[in-house]
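Below, each chain spelled out in residue letters.
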Amino acid sequence: MLLTIFGFIVILSVLVLVHELGHFFTAKFFKIKVEEFGFGFPPRVWGRKIGETLYSLNLLPIGGFVKLYGEDEAGGGKIGKGEKVTKNLDRAFFARPIWQRLIVVVSGVFMNFVLAVAIISFIFATVGAPTPGNDVVVTQIAKDSPAEGAGLKTGDIIKKINGEEITQSSQLINITRQNLGKPIRLQIRNPKSEIRNLEITPREKYPSDQGPMGVSIGQKVEIKKYSWYQAPIAGTKEAIKTSVLIVAGVGTVISEIVRTGGVPQGVAGPIGIAQLTGEFVHSGIYAVLSFLALLSLNLAILNVLPIPALDGGRLFFILIEAVTRRKVPAKFESYAHAVGIALLLALIALITLNDVGRLVSGQPILPKIE
């Protein structure tokens, strides 16, 4: 339990720190005044002012923030009164050019993506990546099927059908369906690299949960290691591919919640993530790193969505300003962010209740694969 809690805090700390450092460093680079860099959410436990920035540790270690001077006055207007305020007005976030504000807002998302790429690249270079090979392997055989009768075994690799070399599962499926009721010749290599020849007649009529031969097949997975200069390229491609899947998954989850009012299986909140962290911690450092990369990409995708109170919401209002050449009224944007926060908290509460219910009932977070 202690290891799980420690792992969860470390993972969350890394994700938040990397994200907020993106905002922090870009704001500093553009000479925007950073009033506070906080880890966790208030109430404040400790704080120290270095230069013009207050660095703070807060009681709730489930996030973090960078408070920029003039960030809450995005629609324009005065920040206050007095000579000191007037002197620093050009260092306010809302007073900076649109392109600078865009970079500051998206920098946190970018840093989370970079973190994921770095982790994936490290794993690809040290352990390797599972890559579909050119061997079609038998993964399961149905009872009383033509495959069982012909002597096919789980783990056998199908090398040829009627003399044609087989490298993809789709080839086997197509040739089999073209020869229903006709005998076909298979060249097989078993796990001991022994070659044998079999003859099978695919069924014309077969159960709905089986195929003509009664086998389940898949591509044999090989572990491919990348060199240190190839790994970042492969890691970037993998991160982009995973991000696309996450975007599709987010759309599915939102539609499911709207349609059913419940949380789909596989969606986890803070409690669920902590539970998963414990499982990955016990699986080894590379499992933890893979989980961290996945969470970092999830955080990047969720933050870039055009939802008020998130980076994507601020980005959306800045883009409106870029198109219309007029700032969005500060009061309207403030209300929008308040509504966004309320909706997010409600969603987090719903997912957390689902986590608690699943934990009490002993149900798994992820659906089992049969």
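Details of the structure are given in the entry above.
Keep in mind the model is a prediction, meaning the values are calculated, not measured. The residue numbers shown here count from 1 along each chain, following its written sequence. Given that the model is predicted, a residue must reach a pLDDT of at least 70 before its local features are reported, and side-chain atom pairs must reach 80 or more before they are shown or counted; all residues, however, enter totals for whole chains, interfaces and linings. The side-chain figures draw on all heavy atoms in the structure; neither hydrogens nor water molecules are used.

K.L.:
Tell me what's going on with a nonpolar patch on the surface, and back it up with residues and numbers.
P.N.:
In this scheme, patches are assembled from residues that exceed 30% relative accessible area and form no salt bridge. Like charges are connected within 9 Å, while nonpolar side chains (Val, Leu, Ile, Met, Phe, Trp, Tyr) are connected within 5 Å. Per-residue and other accessible areas were derived by the Shrake-Rupley procedure at a 1.4 Å probe size, with only the shown protein chains allowed to occlude residues. When a carboxyl oxygen of Asp or Glu lies within 4 Å of a side-chain nitrogen of Lys or Arg, that pair is called a salt bridge. Together, Phe41, Val45, Trp46, Leu57, Leu59 and Leu60 make up a nonpolar patch on the protein surface, roughly 580 Å² of accessible area in all. Where helices and strands are cited, they refer to DSSP runs of H or I of at least four residues and of E of at least two residues respectively, numbered from the N terminus. Contributions of two or more residues to the nonpolar patch are made by strand 1 (34-50) and strand 2 (53-68). Tracing the sequence through the fold places Leu60 in strand 2. The exposure class of Leu60 is partly exposed, given its relative accessible area of 40%. Exposure categories follow from relative accessible area, calculated using a 1.4 Å probe and restricted to protein chains: below 20% of the type maximum is buried, above 50% is exposed, and the middle band is partly exposed.

K.L.:
Account for the nonpolar core, with residues named and values stated.
P.N.:
Judged by nonpolar contacts, the single largest core of 27 residues is most densely connected at Ile11, Leu15, Ile119, Phe124 and Tyr226. Counting residues per element, the ones that place at least two in this core are helix 1 (2-29), helix 3 (98-126), helix 6 (231-260) and helix 8 (285-304). Contacts are residue-level and defined by heavy atoms, with any inter-residue pair within 4.5 Å sufficient. Once residues lying within four places of it in the same chain are set aside, the contact partners of Ile119 are Leu289, Leu292 and Ala293. Definition used in this section: a nonpolar core is a set of buried Ala, Val, Leu, Ile, Met, Phe, Trp, Tyr and Cys residues joined via side-chain atoms within 4.5 Å. Counting residues in each nonpolar core, the second largest holds 16 residues, with Ile161, Leu172, Ile175 and Ile188 among its members.

K.L.:
Help me get a handle on the pairing of strand 6 (residues 184-189), residues and values and all.
P.N.:
Residues of strand 6 alternate between two faces, with Ile184, Leu186 and Ile188 buried on one and Arg185, Gln187 and Arg189 left unburied on the opposite face. In this structure, strand 4 (residues 157-161) lies alongside strand 6, joined through four bridges in antiparallel fashion. Bridged to Ile158 within strand 6 is Ile188. Paired strands, in this sense, are two strands between which DSSP finds at least two bridges. Judged from the six bridges that link them, strand 6 and strand 7 (residues 195-200) form a sheet pairing that is antiparallel. Bridged to Arg185 within strand 7 is Glu199. Connecting the antiparallel pair strand 6 and strand 7 is a turn made up of five residues, with Ser193 showing a positive phi of about 70°.

Geometric values such as these leave the question of function open.
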